[in-house]
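Remarks on the overall topology
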Amino acid sequence: MLLAISGILAVLVLTGAAPPPDDPADPVRKAEYWLDSTAVRDAWRVTQGQGQTIAVIDTGVGRAAQLDPAVRGGTDESGVGSSNGRTPVGAVDADHGSWVASLIAAQGESDGSGMIGVAPKAKVLSVSLGFGSSSSVPFAEQVAKGIRWAVDQGASVINLSFTTNSPEWDPSWDDAFLYAYQHDVVIVVAAGNRGSGTARVGAPATIPGVLTVAGVTRTGSASREASTQGITIGVAAPSEELLGISADGQTVSWEGTSGAAPIVAGIIALVRAAHPHLDANDVIERVIQTARRAPPQKQVPDATYGYGIVDAAAAVSASGIRHVDTNPMGSLVDWIRLHRRAEAVPVPEPSRAPATVAPLPPATDVGDSESVLLPTAETLRYGTIPLAGLTVPAILVVFGIIVAVRRIRSARHSRTPNN
């Protein structure tokens with residue numbers, strides 16, 4: 001199975017002075033353009049995600065000062081990380097989980113500077129996975145166990161910022177994703193990136209019921225490298241010129257739908273905090289129905305932007321959003337019914353005991369004095385006598401015809417004149 005973390009690291013490291021809280025002069029806060037382009041700052045007037053828990057199932061969330069207060073707990077499913085999920089796993093992308101978590105719930109510095117997440121008062125669960133060769137545990141098994149653990153720990157949102165680059169998924173994911181849906185959890189998934197070789201969305205973005213997130217540029221057009229396309233896309237969010245906090249506390253620039261997904265996951269937390277009575281289906285419906293059509297978008301939904309660019313303020317505050325009884329992103333139960341083979345009925349094993357055959361009826365003894373050539377009463381009654389009855393009249397008729405023909409010929413000869 002080919003795996004790809006849906007983010008691309010850049011080398012830019014941002015530093016700056018410590019201005020007043022959320023002062024746009026702070027280079028870090030100023031660089032967080034998505035807080036305005038998706039109306040997150042407006043949504044903060046209502047809520048900042050209090051009471052919500054978002055599971056980041058990724059490479060593990062490090063102990064950077066701006067992240068540590070947000071992490072409520074964690075676990076490791078890779079077999080190579082720490083038991084609390086706080087040791088980043090992987091030689092290349094170990095910071096990926098920290099970048100994802102910082103977009104969701106980074107706390108900022110005590111003086112108000114530094115990076116702040118979309119839902120800064122929400123809590124994070126860190127589930128560390130091993131991608132590729134970094135773990136001997138099958139990847140599908142890690143994800144399935146991580147989802148179940150997150151649900152059991154009270155997550156209301158799960159973020160999956162990776163792709164398998166294949167539309168199909170391991171059958172073990174059927175039960176794991178259904179387990180999350182049945183416990184009223186919203187699963188947010190990255191669509192993948194063309195720059196990483198993902199031409200079209202792959203699992204888990206193809207699983208019915210997940211909210212798949214595509215990526216857009218600062219101006220709202222589809223990202224050429226940091227996004228992909230597919231009919232399962234639900235909404236779009238910024239995926240370029242993003243910031244993230246590494247495990248060592250540095251703020252870096254990166255890109256990819258790995259970053260677009262946690263922006264949406266944070267907005268989901270805002271919606272759930274503002275509307276605690278809504279179930280997961282209604283929360284997803286609220287987010288997709290309040291999304292803004294992207295400038296190049298011609299129809300809704302489409303395979304590039306889904307329903308449009310997510311709008312946090314509208315999702316939190318809009319009225320008149322209809323109630324839905326089913327997940328707007330599809331039914332995994334129906335998909336399983338149609339596409340998974342039913343379990344084969346076991347074939348009964350043959351009995352080791354020999355089969356019992358009923359005995360044949362006894363043969364009729366004709367006796368030594370009887371001959372098979374002599375007629376019997378039955379053969380006379382049903383064979384000889386009827387045959388004789390038909391044969392004798394037929395012979396008489398034939399004889400009568402012959403005699404008549406001879407008389408006619410004789411009469412003709414007697415009338416012939418002599419020369």
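Note that this is a predicted model, so its numbers are computed, not measured.

What counts, and where the lines are drawn
- Residues numbered from 1 in each chain as written.
- Predicted model: local features only at pLDDT ≥ 70, side-chain atom pairs only at ≥ 80, totals over all residues.
- Heavy atoms only, no water.
- Patch = residues over 30% accessible without salt bridge, like charges linked within 9 Å, V, L, I, M, F, W, Y side chains within 5 Å.
- Areas by Shrake-Rupley, 256 points an atom, 1.4 Å probe, with all protein chains shown as cover.
- Salt bridge = Lys/Arg side-chain N within 4 Å of Asp/Glu carboxyl O.
- Helix = DSSP H or I, 4+ residues; strand = E, 2+ residues; numbered from the N terminus.
- Buried < 20%, exposed > 50% of the residue type's maximum accessible area, 1.4 Å probe, protein only.
- Contact = heavy atoms within 4.5 Å.
- 1 Å grid on protein atoms, 1.4 Å probe; cavity = no way out; pocket = protein on both sides within 12 Å on 5 of 7 lines; lining within 4 Å.
- Points joined across faces, edges and corners; volume = space filled by probe spheres on them.
- Nonpolar A, V, L, I, M, F, W, Y, C, P; charged D, E, K, R; others polar.
- Core = buried A, V, L, I, M, F, W, Y, C linked by side-chain atoms within 4.5 Å.
- pLDDT = per-residue confidence, 0-100.
- Pairing = 2+ DSSP bridges.
- Axes fitted to C-alpha atoms, helices over the stretch in contact; angles between N-to-C directions.

1. Here's the deal with a nonpolar patch on the surface
Side chains of Val 392, Ile 395, Leu 396, Val 398, Phe 399 and Ile 402 sit close together on the surface and give an oily, nonpolar patch of about 560 Å² of accessible area. Take Phe 399: it is sitting in helix H11 (residues 377–414).

2. Some remarks on the environment of Ser 196
Mapped onto the elements, Ser 196 comes out in the loop between strand E8 (186–190) and strand E9 (211–216). A residue is classified by how much of its surface remains accessible, and Ser 196, at 29% relative accessible area, is partly exposed. For the pair formed by Ser 196 and Thr 228, sequence separation is 32 residues and the distance between their alpha carbons is 9.9 Å.

3. Let's talk about the environment of Met 329
Here Met 329 is to be found in the loop between helix H9 (312–317) and helix H10 (332–339). Met 329 sits 117 residues away from Thr 212 along the chain, and the two C-alpha atoms are 8.8 Å apart. Ignoring anything within four residues of it in the chain, the contact list for Met 329 reads Pro 208, Gly 209, Val 210, Leu 211, Thr 232, Ile 233, Gly 234, Ile 284 and Ile 288.

4. Thoughts on the layout of surface pockets
Counted as a void, the largest pocket has a volume near 220 Å³. Among the secondary structure elements, those contributing two or more residues to the lining of the largest pocket are helix H6 (172–182), E8, helix H8 (280–289) and H10. In terms of residue count, the dominant contributor to the lining of the largest pocket is H8 (three residues). Its residues assigned to classes, the lining of the largest pocket shows nine nonpolar, six polar and two charged.

5. Notes on the nonpolar core
Within the largest apolar cluster, 63 residues are counted, with the highest numbers of intra-cluster contacts made by Trp 34, Val 188, Leu 211, Val 264 and Ile 268. Sorting elements by how many residues they give to this core places helix H7 (residues 257–274) first, with ten residues. If we ignore the near neighbours within four places in the chain, the residues touching Ile 268 are Val 157, Val 186, Val 188, Leu 211, Val 283 and Val 287. In terms of nonpolar packing, the next biggest core, distinct from the first, is built from 43 residues, Ile 147, Ala 155, Trp 169 and Ala 176 among them.

6. Some remarks on the confidence of the model for the protein
Overall, the predicted model of the protein reaches an average pLDDT of 88, with 84% of residues at or above 70. Here residues 8–20 scores under 50 on pLDDT; set against residues more than four positions off or in separate chains, the count is 31 contacts.

7. What to know about the pairing of E9
Within E9, six of the six residues are buried, which leaves the element mostly enclosed by the surrounding structure. Residues Leu 211, Val 213 and Gly 215 of E9 are buried on one face, and the alternating residues Thr 212, Ala 214 and Val 216, pointing to the opposite face, are buried as well. In terms of strand pairing, E8 meets E9 through three bridges, oriented parallel. In the strand pairing of E9, Val 189 is matched with Thr 212. Pairing geometry for E9 and strand E10 (residues 233–238), over five bridges, is parallel. Paired with Gly 215 across the strands is Ala 237, a residue of E10.

8. Quick notes on the sheet that holds E9
Judged by pairing direction, the sheet is parallel, and its seven strands sit side by side in the order E4-E5-E3-E6-E8-E9-E10 without closing on themselves. This sheet does not close on itself; its edge strands, each paired only once, are strand E4 (71–76) and E10. Strand-to-strand twist across the sheet, computed as the mean angle between neighbouring axes with direction ignored, equals 25°. With five bridges joining them, E4 and strand E5 (residues 123–128) adopt parallel strand pairing. Of the residues in E5, the one forming a bridge with Thr 75 is Val 127.

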